[in-house]
Amino acid sequence: MLPQPGDELFGVGGWLLILCISLTFIAPITQALVAAKALSNLATARVPIQTLLRLGSVGGIYVCLAVFSCIAGLMLWMEKPRSVNVAKAYLLVGAFVPISLYLLVHLAGMHVHLFRVVFGRLVYSVVWYSYLTASRRVKVTYGTP
């Protein structure tokens, strides 16, 4: 289906607007706060090397996720042709990477809220990925890939 500017669902609005706001502002700010806390602790703490590695990994990963999320949100907002694929890629990476990281940290014997991380990441990613796949507004605005 080709985009139809005359269609009432054409453009960023409704749930798509909420996703754009989430990807462009809320997720990057949340992830930047996690990264800042990890990197701040890394800079000030005298801790074992495994803790330094964990803090550095968490900080670096969350900085990258914040940037990726912002790019995906901006691309959706600007109605770029490949933006749906970029947003879907972010949702997959944004779930898989932190879950893998925290699972490794948990298996290494360090305390993390694994269930909360896994549940939160999966719910967010599955809901929005499904929306991007099934939404008529998304199909009308970006066309069918």
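These remarks concern the structure in this document.

About the cut-offs
Along each chain, the written sequence defines residue order, and numbers are assigned to residues from 1. Residues qualify for local features only when their pLDDT is at least 70, as the model is predicted, and side-chain atom pairs are given and counted only at 80 or more; totals for whole chains, interfaces and linings, by contrast, use all residues. In computing side-chain properties, one takes all heavy atoms of the structure into account and sets aside hydrogens as well as water. What counts as a helix is a DSSP run of H or I of at least four residues, what counts as a strand is a run of E of at least two, and both are numbered from the N terminus. The rule is simple: take the accessible area with a 1.4 Å probe, protein chains only, and divide by the maximum for that residue type; under 20% is buried, over 50% is exposed, in between is partly exposed. Should any heavy atoms of two residues lie within 4.5 Å, those residues are considered in contact. Put simply, a nonpolar core is a bunch of buried Ala, Val, Leu, Ile, Met, Phe, Trp, Tyr and Cys residues held in one set by side-chain atoms that sit within 4.5 Å of each other. All axes are obtained by fitting lines to C-alpha atoms, using only the stretch in contact for helices, and the reported angles, taken between N-to-C directions, cover 0 to 180 degrees. Oblique is the label for any angle not covered by the other classes, which are roughly parallel (under 35 degrees), roughly antiparallel (over 145) and roughly perpendicular (65 to 115). When the near helix sits turned anticlockwise from the far one by under a right angle, the crossing is termed left-handed; a clockwise turn instead gives a right-handed crossing. In this classification, Asp, Glu, Lys and Arg are treated as charged, Ala, Val, Leu, Ile, Met, Phe, Trp, Tyr, Cys and Pro as nonpolar, and every other residue, Gly included, as polar. Side-chain rings of Phe, Tyr and Trp, where Trp is taken by its six-membered ring, are said to pair if the distance between their centres is within 6.5 Å; with planes under 30 degrees apart they count as stacked, over 60 as edge-to-face, and otherwise as tilted. Over a ring means this: the NZ of a Lys or the CZ of an Arg is within 6 Å of the ring centre and within 35 degrees of the ring normal.

**Regarding the overall build of the chain**
Counting secondary structure elements, the chain contains five helices and zero strands. Oriented by its inertia axes, the alpha-carbon framework of the chain measures out at about 60 × 25 × 20 Å. Taken over 145 residues, the chain has a buried fraction of 36%. Considering only contacts in the chain between residues 6 or more positions apart, those separated by 24 or more positions represent 75%.

**A closer look at the nonpolar core**
Counting residues in each nonpolar core, the largest one holds 28 residues, and the members touching the most others are Leu-76 and Leu-132. When residues of this core are traced back to their parent elements, those giving at least two are helix H1 (14–44), helix H2 (49–77), helix H3 (83–107), helix H4 (114–134) and helix H5 (136–142).

**Notes on the packing of H1 against H4**
As a packed pair, H1 and H4 sit with axes 11 Å apart at the nearest point and diverge in direction by 150°. Here H1 lies roughly antiparallel to H4, going by the angle between them. With respect to the hand of their crossing, H1 and H4 are arranged in left-handed fashion. Seen from H1, the contacting residues are Trp-15, Leu-16, Ile-18, Leu-19, Ser-22, Leu-23, Ala-27 and Gln-31; seen from H4, they are Arg-121, Tyr-124, Trp-128, Tyr-131 and Leu-132. Split into classes, the residues belonging to the contact of H1 with H4 amount to 10 nonpolar, two polar and one charged.

**Re the packing of aromatic side chains**
In this structure the tally under the stated criterion is six aromatic pairs. Seen from their ring centres, Phe-68 and Tyr-90 are 5.5 Å apart, and the 85° between their planes marks the pair as edge-to-face. Here Phe-68, found in helix H2, pairs with Tyr-90, found in helix H3; they are 22 residues apart in sequence, far enough to count as distant. With a relative accessible area of 24%, Phe-68 lands in the partly exposed category. Where Phe-115 meets Phe-119, the ring centres are 5.7 Å apart and the plane angle is 15°; that geometry is what we call stacked. One end of the pair, Phe-115, and the other, Phe-119, are both in helix H4, four residues apart, so they sit about a helical turn from each other. Judged by its relative accessible area of 52%, Phe-119 falls in the exposed class. An aromatic cluster of three or more residues is present, and its members are Trp-15, Trp-128 and Tyr-131. Residue placement shows Lys-88 over the ring face of Tyr-129; its charged tip is 5.2 Å from the ring centre.

**Remarks on the packing of H1 against H3**
A pair of packed helices is characterised by two quantities: the angle between their axes and the separation of those axes. For the pair H1 and H3, interaxial distance at closest approach is 14 Å and the crossing angle is 20°. Taken together, the axis directions place H1 and H3 in an arrangement best described as roughly parallel. The handedness of the crossing between H1 and H3 is left-handed. Between H1, through Leu-23, Ala-27, Gln-31 and Val-34, and H3, the contact on the second element is made entirely by Ala-87, Tyr-90 and Tyr-102. Its residues placed into classes, the contact of H1 with H3 shows six nonpolar, one polar and no charged.

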